[in-house]
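Now for the letters of each chain:
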Amino acid sequence: MGEFAQIVINGLIIGLSYVMLSLGITLTFSIRRVINIAHADIYMLGGFMAYFGSQFGINYFLVLMAALVVLGCLGAVLDTLLFRRVRDKGPAGPMVLSLGLMYLIEGVALLAFGEKVKGVPSVFKGVIHIGSISFGVERLIVMGISLLLITGLFLFLGRVKWGQAMRALAQDPEAAYLQGIDINRMSMLCFALGFSLAGAAGVLLTPLFYVGYAVGSTLIFKCFMVLVIGGLGSVLGCLVGGLLLGLIEAFVVAYVPGQLAVLIMFALILVILLVRPQGLMGRGELT
Amino acid sequence: MTTFKRVSVVVILVIFLVLVPLLFRDSQYVLHVFIMCSQLSIVSLTVRVVFTVGELSFGQVVFVMAGAYASAILSTKMGLPFWISLPLSGLVSAAFATLIGRPILRLRGTYFSILTVILTEVARQGIRSLKFLGGPQGFHGIPRPESIHIGKFILVPEFNTTDRLPYYFVIAFLLTITLLVLWRLEKSPTGAVFRATRQNAAVAESLGINVTRYRILALSISAFFAGLVGSFSAHYITIFYPETFSLWNSIDYVLYAFIGGIEYLWGPIVGSFALTWLWEYLGPSAQYRMVLFAVLVIAVILFFPGGFLSLVKSMQSLRIVLRKVLPKRGD
């Protein structure tokens, strides 16, 4: 029983980080119609912020706030400098552009931080016991903050005027223009939010795992799997797909030995592809 | 095709097929790099074939892998000579593409590209866990191509480990054939249909064109040539693992095509040759290579989306403009 709960918690934590990453990709996709392949590298930047934060003894929450702000600004800047210029040029060019961006960020990280992966000591020590089940406090806090951020984003999209404007742009750009919605401003906001979430995920999860310059390119692949499971362009699909992938991974890794685990996961993906190639939540509007 | 173009194509082919082997006959290193360039060019060209129907495929390495594995099995387990397993593995790869094309080509644009990324990983992991395909150890000891005699007359000499020249001729020949076939394809009605499905699939469909079938056809053609490269590389390096065929190779094929100019038939070739030689010049230890590559890619997409070749074209048009503006000599 204890082991089972542990696996669920692990799966949820990984799943939530997938959700945080792929939410940003989905948001920016829904407005710019571009998959930003470099998105997961923002996780890596967040991770390095956590690493240097702990090296210099800066408060964990301060680092988290800094990651949210700094990486959010980076998103807005990159949107203005790069992605705005390739709008309405078909999906291929912008996709290659973001690939270039990924190489750029990883290349610079390689030069600046070196090849070695880095660990960050855990911030919150202690274990909570509930009956026979025990949880690490750190994992619970990470889960809590992730949930908070994701809920915040959902509330923003649902209740706040700018969030609604984003959804309008995703559903019908022409009609949104006619309502006076500025696509460039919204797109900057989208990139900022997406990058903030990705950076926060990096700060939150690096103490549990590790960070290295190439961590983004393994993660982006997981994000693609989330998008394919959930359905591209669907925020709800992100949530479902991310949690599902995290849980499946945790269970398969725990109960199935080594190589078979990977194969089973891919077989599941393959089944989804064959039965519902557009993803579980279909391709639809941004809700 | 103008006479100038005709002549320049012939000149390039002569340089490639005659001059390079004559000049670098003794430099195994140069020959090796040329062999790698040619392999990259062919696969990069296949990226372009899929691009003519409007899709960006990151999955070309899967077809290379299919060709390599098909060839390895055909030659080691069934004892077929290289010269038969080469075209057969191209066909196997094309058949595989037809099979998987049906589900994945239902999706378009970004979604298709994402699926191809996942496909590369699925295929690699799948092969890793299949024992009869060698598992994680892959294949080793793939026989080198056989010599061909007709009576006393030696048509193809013995292939050995010390001389790469015969390999060079094989891959140069393959590249020439690929280029010819793809050029003919582009001029053919089928090529026109490919372009039509890219520009507006709905209109093409309303004209009675089975768009899905043509999309699958394009993928299969691309897979055929990628499979040939896979087969060749299997017999060239004689050993490979599932990790030989990673997503990064696939991404390189795409980036080379874009840097060279994916709208032009020669673009992928120019990109592959230029960048491979650039990397060789910089050396393997250059850590800034990744940044340089990134800057190149971003610059190409932002400032000259037509790639290197579009620069050449614009210089040509500049010359024409200058010729009209400047006073003629003798006036």
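Residues numbered from 1 in each chain as written. Chains lettered and ligands numbered in written order. Predicted model: local features only at pLDDT ≥ 70, side-chain atom pairs only at ≥ 80, totals over all residues.

A.B. asks: Would you take a moment to explain the overall build of chain B for this structure?
C.D. replies: For chain B, the helix and strand inventory stands at 13 helices and 4 strands. Taking 20 Å as the expected radius of gyration for a compact globule of 331 residues, we find that chain B reaches 21 Å, a close match to that expectation. Over its C-alpha atoms, taken along the principal directions, chain B stretches across nearly 75 × 55 × 50 Å. Of the contacts formed within chain B by residues at least 6 apart in sequence, a portion of 77% connects residues at least 24 apart. (Helix = DSSP H or I, 4+ residues; strand = E, 2+ residues; numbered from the N terminus. Rg over C-alpha atoms; globule rule 2.2 N^0.38 Å. Contact = placed C-beta atoms within 7 Å.)

A.B. asks: How should the interface of chain B and chain A be read in this particular structure?
C.D. replies: The accessible area lost on association of the parts is a frequent measure of interface size. Counting from both sides, the interface comprises 35 residues of chain B and, opposite them, 36 residues of chain A. Mapped onto the side of chain B that touches chain A, the elements with two or more residues apiece are α5 (109-128), α10 (247-260) and α12 (289-303) of chain B. Tallied by class, residues from the side of chain B that touches chain A come to 25 nonpolar, 7 polar and 3 charged. (Nonpolar A, V, L, I, M, F, W, Y, C, P; charged D, E, K, R; others polar.)

A.B. asks: Where do I start with helix α5 (residues 137-159) of chain A in this structure?
C.D. replies: Residue and element names in this part refer to chain A. Over its 23 residues, α5 runs 32 Å from end to end, which matches the ideal 33 Å to within 8%, given 1.5 Å per residue. Listed as buried for α5 are V142, S146, L149, L153 and L157. Residues of α5 that are buried in the fold lie against α1 (2-32), α6 (161-171), α8 (183-205) and α10 (235-255). (Expected span 1.5 Å × (residues − 1). Buried ≥ 20, exposed ≤ 12 C-beta atoms within 10 Å, placed from the backbone.)

A.B. asks: What should I look at first to understand the packing of helix α6 (residues 165-187) of chain B against helix α9 (residues 211-237) of chain B in this one?
C.D. replies: Geometry of a packed helix pair, given as the angle between the helix axes and the separation of the axes. Residues and elements named next belong to chain B. Contact pair α6 / α9: the axes reach a minimum separation of 11 Å and the direction vectors enclose 180°. The angle between the axes of α6 and α9 places the two elements in the roughly antiparallel class. Where α6 abuts α9, its residues Y167, V170, I171, L174 and T178 lie against F225, L228, F232 and Y236. (Axes fitted to C-alpha atoms, helices over the stretch in contact; angles between N-to-C directions. Parallel < 35°, antiparallel > 145°, perpendicular 65-115°, else oblique.)

A.B. asks: Got a minute to help me understand the pairing of strand β2 (residues 133-136) of chain A in this structure?
C.D. replies: Each regular strand displays side chains that alternate between the two surfaces of the sheet. All names here are of chain A. In this sheet, β2 lies alongside strand β1 (residues 127-130) in antiparallel orientation, the contact comprising 4 bridges. Bridging from a neighbouring strand, I128 pairs with F135 of β2. Count of turn residues in the β1/β2 antiparallel hairpin: 2 residues, of which G131 carries a positive phi of about 60°. (Pairing = 2+ DSSP bridges.)

A.B. asks: How should the packing of helix α2 (residues 28-52) of chain B against α6(B) be read in this particular structure?
C.D. replies: Residue and element names in this part refer to chain B. It is the contact of α2 with α6, at a shortest axis distance of 9 Å, that shows an interaxial angle of 20°. As summarised for this structure, α2 and α6 are arranged roughly parallel, according to the angle between their axes. Every pair of crossing elements has a handedness; the one defined by α2 and α6 is left-handed. Judged by residue contacts, L31, F34, I35, S38, Q39, S41, I42, L45 and V49 of α2 engage L165, Y167, Y168, I171, A172, L174, L175, T178 and L182 from α6. (Left-handed = near helix turned anticlockwise from the far one by under 90°.)

Everything listed here is a matter of geometry and, on its own, says nothing about what the molecule does.
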